Amino acid sequence: MEHLSDLDAWRAYARDQRRLGRRVALVATMGALHAGHASLFRRATENGDAVLATIFVNPRQFSDPADLAIYPRALEDDALVAKENGVDCLIEPTLEQMWPDYPSPTATTVSVRGIGDVLEGADRPGHFDGVASVVAKLFAITGPCRAYFGEKDFQQLAVVRAMVADLAMPVELVACPIVRDPDGLAISSRNYQLSAEGRATARAISQALAALGAPDTASNHRRRMREVLDGSGVHTAYAEVVDPDTFAPSSDTDVGGARALIAGVVEGVRLIDNAAVTLQAGR
Ligand code: AMP
């Protein structure tokens, strides 16, 4: 496995792979790699592409400095996880290379209106501007590629999809399913900040989503999630049902596929999860 940090070397690596006739696969992460990231790496290897993984804890997507300060970092373990799961080139750009002006704002920001303004975007101002801007930069350095994103961050995926379409970026997005622990909790680097008791409490989030198996109206889906979450100890930020493409809230006259999304705080740790749901008109 190659190990790079320099942006020019990274750009050259991707270009050389394309010259050799290989397509480039990109998996962007913030490190502290776990089974969720590993599933993206393995999926990215399936087409025989050159798999590039980036690790960059992007300060511009943290609206809370305290959250950034405690974000886990585990570079030695990360290199092992990347290597064992088929990554060809691990790239760890420095903050100075990615955002030389930080903490001053960059002149250019990519902002996805609408999808980026609701739910996580409303609760974490500037978060999706930070995400879209850094992903645009990762894509610009990498060049034409297939990029693998987890449905764990479903709104992030929708923001990136809108950006790629609106700006005609030469990137094919591949959405990958959520990897869960055996107790149902969606795997996240943030789970390690929870005590055993907090973990048990956090299970209510995936249980609330699992309760939505049968087709129903959007209001009934919302009510069912609240029934599981209320009194569970999870401080619910939202439990919403939205159109999976536009993120407009679903109404009770909508039918077909939608997405249920939950954000909840347990022991000060913000956790997110989501699931596909089917809407059926009420009787
Ligand atoms: P992060 O390092 O948290 O920024 O995540 C990097 C990528 O891994 C994103 O595309 C995430 O959606 C994806 N990811 C993180 N956790 C999971 C998971 N449990 N299942 C699937 N994908 C995940």
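All of these numbers come straight from a predicted model, not from anything done at the bench.

**Observations regarding the packing of helix α7 (residues 127–142) against helix α8 (residues 154–166)**
Contact geometry of α7 with α8 gives a least axis separation of 10 Å together with a crossing angle of 55°. Compared by their axis directions, α7 and α8 come out oblique. For α7 against α8, the interelement crossing comes out right-handed. When α7 is examined against α8, the residues F128, V131, A132, V135, A136 and F139 are found in contact with a partner set consisting of Q155, Q156, V159, V160, M163 and V164. Residue classes in the contact of α7 with α8 are distributed as 10 nonpolar, two polar and no charged.

**Focus on the sheet that holds strand β7 (residues 235–242)**
Within the open sheet, the three strands sit side by side as β7-β8-β9. Their pairing is antiparallel. The outermost strands of the open sheet, each flanked by one partner alone, are β7 and β9 (269–279). Pairs of neighbouring strands in the sheet enclose a mean axial angle of 15°, with direction left out of account. Examined bridge by bridge, β7 and strand β8 (residues 256–266) share seven bridges and lie antiparallel to one another. Residue pairing for β8: E240 is matched across the bridge by L261. Contacts from helix α10 (residues 218–229) reach β7, β8 and β9, with the element oriented near 160° to β7.

**Section: the site of the ligand**
Taken together, the neighbourhood of the ligand is formed by 17 residues, with M30, H37, D153, V179 and I187 sitting nearest. Within the side chain of D153, an N or O atom sits 2.7 Å from an oxygen atom of the ligand. Take V179: an N or O atom from its main chain is 2.9 Å from a nitrogen atom of the ligand. The protein chains hide 93% of the 480 Å² of surface that the ligand would expose on its own. When residues of the shell around the ligand are traced back to their parent elements, those giving at least two are β2 (24–29), α2 (35–45) and β5 (145–150). When residues of the shell around the ligand are assigned to their parent elements, the largest contribution, three residues, is made by α2. When grouped by side-chain class, the residues that make up the shell around the ligand number nine nonpolar, six polar and two charged.

**Regarding the sheet that holds strand β4 (residues 89–91)**
Sheet architecture is open: six strands sit in the order β1-β4-β3-β2-β5-β6, paired in parallel fashion. Every other strand in the sheet has two partners, leaving β1 (2–4) and β6 (171–176) as the edge strands with one partner each. Neighbour-to-neighbour, the strand axes of this sheet turn through a mean angle of 25°, independent of strand direction. Relative to β4, β1 runs parallel, the two being bridged by three bridges. Counted as the bridge partner of H3 is L90 from β4. Where helix α1 (residues 7–19) meets the sheet, it contacts β1, β2, β3 (50–55) and β4, and its direction lies at approximately 165° from that of β3.

**Quick word on the pattern of salt bridges**
Any two side chains of opposite charge can pair, on the condition that their charged atoms come close. Under the defined criterion, the tally for this structure stands at 18 salt bridges. R224 is the partner of D216 in a salt bridge, and the nearest nitrogen-oxygen pair spans 3.2 Å. Residue R224 is classed as partly exposed on the basis of its relative accessible area of 27%. By sharing partners, the salt bridges in this structure join R23, D49, R146 and E172 into a single network.

**Quick word on the nonpolar core**
By size, the foremost hydrophobic cluster in this structure holds 45 residues, and its most contacted members are W10, L52, M98, V135, F139, M163 and F247. In terms of residue count, the dominant contributor to this core is α7 (nine residues). When sequence neighbours within four positions are dropped, the list of residues in contact with M98 reads L7, W10, F56, P93, V134, K137, L138 and I141. Membership of the second largest hydrophobic core comes to 23 residues, among which are A239, I262, A275 and V277.

The rules behind these values
- Residues numbered from 1 in each chain as written.
- Predicted model: local features only at pLDDT ≥ 70, side-chain atom pairs only at ≥ 80, totals over all residues.
- Heavy atoms only, no water.
- Axes fitted to C-alpha atoms, helices over the stretch in contact; angles between N-to-C directions.
- Helix = DSSP H or I, 4+ residues; strand = E, 2+ residues; numbered from the N terminus.
- Parallel < 35°, antiparallel > 145°, perpendicular 65-115°, else oblique.
- Left-handed = near helix turned anticlockwise from the far one by under 90°.
- Contact = heavy atoms within 4.5 Å.
- Nonpolar A, V, L, I, M, F, W, Y, C, P; charged D, E, K, R; others polar.
- Pairing = 2+ DSSP bridges.
- Near = heavy atom within 4 Å.
- Polar contact = N/O pair within 3.5 Å; in protein donor to acceptor, adjacent residues only side chain to side chain.
- Areas by Shrake-Rupley, 256 points an atom, 1.4 Å probe, with all protein chains shown as cover.
- Salt bridge = Lys/Arg side-chain N within 4 Å of Asp/Glu carboxyl O.
- Buried < 20%, exposed > 50% of the residue type's maximum accessible area, 1.4 Å probe, protein only.
- Core = buried A, V, L, I, M, F, W, Y, C linked by side-chain atoms within 4.5 Å.

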